[in-house]
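Residue-level structure breakdown
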Amino acid sequence: MIIDAYELTPLQAGMLVHAVSTPESLAYHVQFQADLTGRVDPDRLHEAWTHLVERHHVLRTSFHWRGLDKPLQVVRPSATLPWRVEDWRSRTSEDQARDWAGLVAVDQATPFDLERAPLMRIALIRRSDARWSFCWSHHHLLLDGWCLRPLLEELLARYAEPTHARAEPAQFGRYVRWLQQQTSADSEYFWRETLAGFTAATPLPARDVTERRETEWADAICTGSIDATRTAALMALCRTQGVTLATALQAAWALVLARYSGEPDVVFGQTVAGRPPGLPGAEAILGPFINTIPVRADVTATATVSAFLHALARGQAQRDAHAHVALADIQRWSDVTPGTALFESALIVQNFRAESREQRDTAAFTITPVALLDRTNLPLTIQFTPGETLEIECAYDSRRFDPAFMARVPGHLAQVLVAFVDAPEAALSSVELLTPPELAQLNAWNATDAPLDARQLRRLALRAGAGLARTGSVFGHGSGDIALAFSTACTIPQDPLRPMPALAMLHDALLDGLFQAAADSTE
């Protein structure tokens with residue numbers, strides 16, 4: 001027996017294809033960990049969760065594709081929520097920490113049976129008289145990050161007042177049917193115009209791509225943060241500039257990506273809420289509305305930080321009306337070669353921690369988020385979680401990216417954001433990417449001053465070949481220092497946002513004159 005059945009959204013269809021084709025992948029397995037502090041009645045909490053499953057169709061939905069022309073999601077009349085409760089109070093704190101780490105690791109590695117509802121499970125572990133550890137896992141096919149806050153608010157309300165009657169909620173099937181009625185002509189024109197001339201994904205520094213790799217998904221993370229003082233200053237900058245925090249974060253990644261790739265025209269993904277204003281009550285529906293759409297940024301070296309922020313804000317306003325379009329369609333309308341990715345990185349701004357530390361005296365306990373693990377099949381996903389501090393998490397494919405390099409990315413993002421705050425009218429070309437420790441290390445590596453033996457240097461240059469000597473280039477660095485570069489012997493990488501001074505090409509006579517002048521200065 002079924003209650004309802006309908007096709008998958010484009011986002012869900014993509015997730016299903018990935019889940020079926022790569023069952024070993026951890027992508028789209030969402031795990032939420034939290035501390036529950038106060039008087040927790042596990043039986044009462046279980047009843048509140050069971051009530052949520054009964055109220056919301058999406059929480060008792062299964063997915064079916066075998067023998068069907070198109071996959072379907074099916075709403076079951078009931079579903080039994082896997083529920084695990086244990087008391088660890090007799091264990092030492094060290095044993096509790098070890099066992100909890102093992103529990104969440106096993107849970108994260110355990111796949112869901114997509115054809116059997118519900119695609120979620122819960123573990124509740126008592127650590128002390130007033131502290132419980134909570135692990136809730138579900139498949140991304142059911143919910144997106146936006147749903148966490150309203151769902152937990154409803155959970156607390158039910159726990160506090162289990163007999164209080166509430167209006168029936170709108171169901172996810174309503175959105176699916178609305179989506180099927182939308183036309184794409186205007187959106188196709190918009191995305192074709194937006195992406196015209198962009199032919200290949202913006203590259204990121206990667207390992208040797210010629211080696212054979214398994215299907216990509218994010219299997220490693222690195223983290224960073226901006227302290228409370230600088231986070232407050234960043235929020236103040238956004239208010240002063242009249243832009244959202246998401247716009248400032250887009251600007252920071254666009255600049256960092258341009259520096260990494262050497263390309264001023266960059267494209268990356270932005271995960272958006274996807275709840276269409278044209279669908280009344282969309283904000284109250286539980287389900288995976290989110291969509292990842294491309295952001296194209298022209299990182300012009302001479303533009304100021306302020307001008308760049310406003311340009312990105314205008315672009316966001318234009319994209320909003322077309323944010324529901326499937327990424328597969330957007331990519332098909334672009335100039336990127338079919339079968340290749342439109343972008344390799346995406347941003348997520350997670351608002352749960354900032355807005356959802358809900359504390360209700362009537363519920364007798366509080367929910368304090370500890371971790372939210374959500375992996376995708378993109379090579380790199382950057383998640384920002386704003387609160388008193390701004391947390392930065394990079395989930396990446398360690399088979400593709402060097403962990404030592406990736407560990408620096410959060411610091412570069414933080415450095416750029418702080419630079420935005422310090423000098424919003426500065427040119428983008430003046431924004432420093434390297435962190436202070438990296439600059440100190442660079443200066444230490446470059447501390448190689450030594451007396452110049454110009455006669456010996458000239459002999460070495462001539463020995464290298466007359467052709468090399470004729471193509472020599474020279475530029476100064478510091479007082480009395482002379483540096484030589486030969487165009488046929490080396491390549492000097494140039495940052496497009498911080499162009500190097502032109503190197504003067506020297507003819508034989510000028511080169512000989514330079515060597516002679518250097519020799520005279522050392523005698």
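The coordinates are above.
Residues numbered from 1 in each chain as written. Predicted model: local features only at pLDDT ≥ 70, side-chain atom pairs only at ≥ 80, totals over all residues. Heavy atoms only, no water.

Considerations on the pattern of salt bridges
Using the criterion set out here, one finds 22 salt bridges in the structure. The shortest N-O distance in the salt bridge between Glu 7 and Lys 70 comes to 3.8 Å. With Glu 7 in strand β1 (residues 4-7) and Lys 70 in the loop between β3 (61-64) and β4 (72-75), this pair connects stretches of sequence that are 63 residues apart. The residue Glu 154 makes a salt bridge to Arg 55 at a minimum N-O spacing of 2.5 Å. Note that Glu 154 is positioned in helix α4 (residues 148-160) and Arg 55 in helix α2 (residues 42-55), a separation of 99 residues in sequence. For Glu 154, a relative accessible area of 16% corresponds to the buried category. One salt-bridge network, in which partners are shared between bridges, spans Arg 91, Asp 95, Arg 98 and Asp 99. (Salt bridge = Lys/Arg side-chain N within 4 Å of Asp/Glu carboxyl O. Helix = DSSP H or I, 4+ residues; strand = E, 2+ residues; numbered from the N terminus. Buried < 20%, exposed > 50% of the residue type's maximum accessible area, 1.4 Å probe, protein only.)

Re the nonpolar core
With 55 residues, the main nonpolar core has Leu 36, Leu 45, Trp 49, Phe 134, Trp 136 and Leu 143 as its most contacted residues. Only α1 (10-21), β2 (29-38), α2, β6 (120-128), β7 (131-139), α4, α5 (172-180) and β12 (365-374) provide two or more residues apiece to this core. Considering each element in turn, this core owes the most residues, six residues, to α4. If we skip the residues at most four places from it in the chain, Trp 136 touches Val 30, Gln 31, Phe 32, Trp 49, Met 120, Arg 121, Ile 122, Leu 143, Leu 148 and Leu 151. (Core = buried A, V, L, I, M, F, W, Y, C linked by side-chain atoms within 4.5 Å. Contact = heavy atoms within 4.5 Å.)

A few points about the side chain of His 322
With respect to the helices and strands, the residue His 322 is situated in the loop between α9 (305-320) and α10 (327-333). The contacts of His 322, once residues within four sequence positions are left out, are Asp 186, Ser 187, Phe 190 and Trp 191.

Some points on α1
Taking 1.5 Å per residue, 12 residues should reach 16 Å; α1 reaches 17 Å between its end C-alpha atoms and fits that length. Looking at the buried positions of α1, the neighbouring elements they touch are β3, β4 and α5. (Expected span 1.5 Å × (residues − 1).)

Brief notes about the packing of helix α7 (residues 228-241) against helix α13 (residues 409-422)
For the pair α7 and α13, the least separation of the axes is 9 Å and the interaxial angle reads 55°. Relative to α13, the element α7 lies oblique. The way α7 lies across α13 gives a crossing that is left-handed. In contact with Arg 230, Ala 233, Leu 234 and Leu 237 of α7, α13 contributes Leu 417, Val 418, Phe 420 and Val 421. Class assignment for the residues of the contact of α7 with α13 results in seven nonpolar, no polar and one charged. (Axes fitted to C-alpha atoms, helices over the stretch in contact; angles between N-to-C directions. Parallel < 35°, antiparallel > 145°, perpendicular 65-115°, else oblique. Left-handed = near helix turned anticlockwise from the far one by under 90°. Nonpolar A, V, L, I, M, F, W, Y, C, P; charged D, E, K, R; others polar.)

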